[in-house]
Amino acid sequence: MGCCGSTERTKREWKPLEDRSCTDLPWFLLFTVFCVGMGSIFGFTIATGGAARLVFGYDSYGNTCGQRNEQIEGVRLSGLDQTDKKYVFFLDPCNIDIVQRKIKSMALCVSVCPDEELKTYQDLKRFAVHNGSELCSYELAGHKYPSLPERFDKCPKLPVPPSKSLPVFNRCTPVDISCYAKFAEAVVTFVSDNSVLHSLIAGVMASKVIIVGLCLLALVLSMILMVIIRYISAVLVWIFTATVVLGSLAGTSILWWMYIDYRLTVNKTLSKETEDAKEEAEMSRDNAQVLLVYAIAATVFTVILLLLMLFMRKRVALTIALFHVAGKVFIHLPLLTLQPFCTFLALLLFWFYWSLVLLFLGTTGNPVQNEETGLTEFRLTGPLQYMTWYHAVGLIWISEFILACQQMTVAGAVVTYYFTRDKNKLPVTPILSSSLRLMRYHLGTVAKGSFIITLVKIPRLFLMYVHNQLKGKENACARCMLKTCICCLWCLEKCLNYLNQNAYAATAINSTSFCTSARDAFVILVENALRVAAINAVGDFVLFLGKILIVTSTAFAGVLLLNYQRDYAEWVLPLIIVCLFAFLVAHCFLSMFEIVVDVLFLCFAIDTKYNDGTPGREFYMDKALMEFVENSRKLERVAERGRSRATEVVSVEGAEMKPMPRVSEQAPAVLHKNNVSR
């Protein structure tokens, strides 16, 4: 399987784009079996009639509308032929609990939905006679509605509102849909009574063309920024550096100023001899002590921060060089910009399928009579109820699998770009080549990595659910423990996501299994820990500034385009919509840029570790990274030359400071030398 502790060689011989082979095949088979299980749930819902009951609807006796039904044991009025009755009609349409999937109102199959308001039982009788659609329970004759004593329980609540059938789901829904939920009534009332909200909605409707245009502008700006960010990354890094340094210095200075001001206040108060003045002086002295602690802590933090900035300045230069190369990657691989669209489309299609099957599961199972209402419902009982949990796990695992496929595809394309010396010999479509390699060789690796994320995400989501259910009921200690566990699992998930991303890149380079690739990538990252910290800290902030730049540019363009509207209150909602969309688009595209930078860094670290630029071990890196390496070597040579000179000076000074021999000791030696010369 190529997992940790496997028989694969422990010392990795990095051979980019060579020795391609299938990886983690057992995990691919496991994921395939899991997907077959997901499909089996869909087939089960269709075979048992759950899908038909959802689409065509069913009455309170278990009969599916528009079909011939079989008798359900123990349920009266079941097994009816409802071929001519294709629509579901609820006797009390405003008494449906959709959240709990419980039908509190009796449902019947009817041939025609009432298209006009029926105020009396005579109207119900007339509608049944003329249209052949009986709106009361099946055992009641339509022509006897006004005189039957059961009409109060088994006939619809008067007045019956006019309704129409849904286009796909054959339900008779009231034209006035506000009765479906109390909050809908509140919203409708608020909208009808609130002139401000009226004006905001009117502003959105009047500016819909501008909103669409601004959303397209945000999309274009995001694509442009991914290309030009290599030119402005240095400026953004300096802005980040200046902001951090000046902010820390300003905060420290303000704390010291507040401390000095408190000390002066205490001295002035102590000069007074009143009792109140002494109490005030004691309080001021305590505050001054606290401010002193804060000021000292801020000073220590500022000094450490300045030393770190000074020590990591070369690594910041590496971040700038990586941003420069990443911009070139998007020029050579323009199809990378389409990856967010493809991933979003794949997720959207899967989520639609998953939601549809979940709805099918809601109408699948064995017929059970509700003890409260006496109506027939379909529920999953026994082992079948675990299908819902299986389906829920599938939502997380397959969603993570789709995201991991994007990461592997991008990593494969970037690896191809980096380790191709002659960029003119790149494949015609590196993205397509990377996708084909993924589908042919590495789906098992992606399945394994996404499963690990799923194992961490499921308990975190479960704890979040428990925390929401116990809100206001648990004690402070339990609440703190839950939040701590949720936070720890979130941090673990983020770390694993980062490690998985680098493991996918290592797999794209060396075609090794997931655990082997994760181990090799982890070793490389640990060896370059300071560089990783600089890239993540500085790079993330630069990308955040890029997102802010896109949002502010889009908002400024929106202000200019909306300037013709004199009522400035109408600007608010359109601008909020545009800014939210701009931030979402910028986040999607710049997250792609972040993945490219991380993969480039791993390739760079491998390149510098196993190559030194000598014949036979030439670098693969881009010119910008080569300049960074040359500058680093020059600085190292200068530093080494300085250390050697310092060593020579110390040795010379040590020789000069040796003690001279005494004259009495030198005299015999001199005389002996003179005698020999004679």
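Residues numbered from 1 in each chain as written. Predicted model: local features only at pLDDT ≥ 70, side-chain atom pairs only at ≥ 80, totals over all residues. Heavy atoms only, no water.

Examining the overall build of the protein chain
Of regular secondary structure, the protein chain possesses 18 helices and eight strands. Looking at the protein chain as a whole, 41% of its 678 residues are labelled buried. For the protein chain, long-range pairs separated by at least 24 residues make up 71% of all intrachain contacts whose partners lie at least 6 apart in sequence. Surface accessibility of the protein chain: about 37800 Å² in total, with carbon and sulfur atoms responsible for 66%. (Helix = DSSP H or I, 4+ residues; strand = E, 2+ residues; numbered from the N terminus. Buried < 20%, exposed > 50% of the residue type's maximum accessible area, 1.4 Å probe, protein only. Contact = heavy atoms within 4.5 Å. Areas by Shrake-Rupley, 256 points an atom, 1.4 Å probe, with all protein chains shown as cover.)

Points about the state of the cysteines
By the definition in use, this model includes three disulfides. Bridging C65 to C109, the disulfide has an S-S length of 2.0 Å. Looking down the S-S bond of the C65 and C109 bridge, the torsion is -85°, so its handedness is left-handed. Of this pair, C65 sits in the loop between α2 (50-56) and β1 (87-90) while C109 sits in strand β4 (residues 107-110); the two residues are 44 residues apart in sequence, bridging distant segments of the chain. In this model, C113 is linked to C172 through a disulfide, with the two sulfur atoms separated by 1.9 Å. Measuring handedness by torsion sign, the sulfur bridge of C113 and C172 sits at about -75° and is left-handed. (Disulfide = S-S within 2.5 Å.)

Considering the nonpolar core
Formed by 62 residues in total, the largest nonpolar core has its most connected members in F593, V596, L600 and L625. When residues of this core are assigned to their parent elements, the largest contribution, 17 residues, is made by helix α16 (residues 572-610). Grouped together as the second largest cluster of nonpolar side chains are 27 residues, V110, C113, Y138 and Y145 included. (Core = buried A, V, L, I, M, F, W, Y, C linked by side-chain atoms within 4.5 Å.)

Overview of the pattern of salt bridges
Across all of its chains, the model carries 10 salt bridges by this definition. Measuring nitrogen to oxygen at the nearest pair gives 2.6 Å for the salt bridge that ties K154 to E139. One end of the pair, K154, is in helix α4 (residues 151-154); the other, E139, is in the loop between α3 (121-131) and α4, and 15 residues separate them in sequence. Residue K154 is classed as partly exposed on the basis of its relative accessible area of 22%. Among the ionic pairs, R460 bridges to E493, the shortest N-O distance being 2.9 Å. Of this pair, R460 sits in helix α12 (residues 430-469) while E493 sits in helix α13 (residues 476-510), and the two are 33 residues apart along the sequence. (Salt bridge = Lys/Arg side-chain N within 4 Å of Asp/Glu carboxyl O.)

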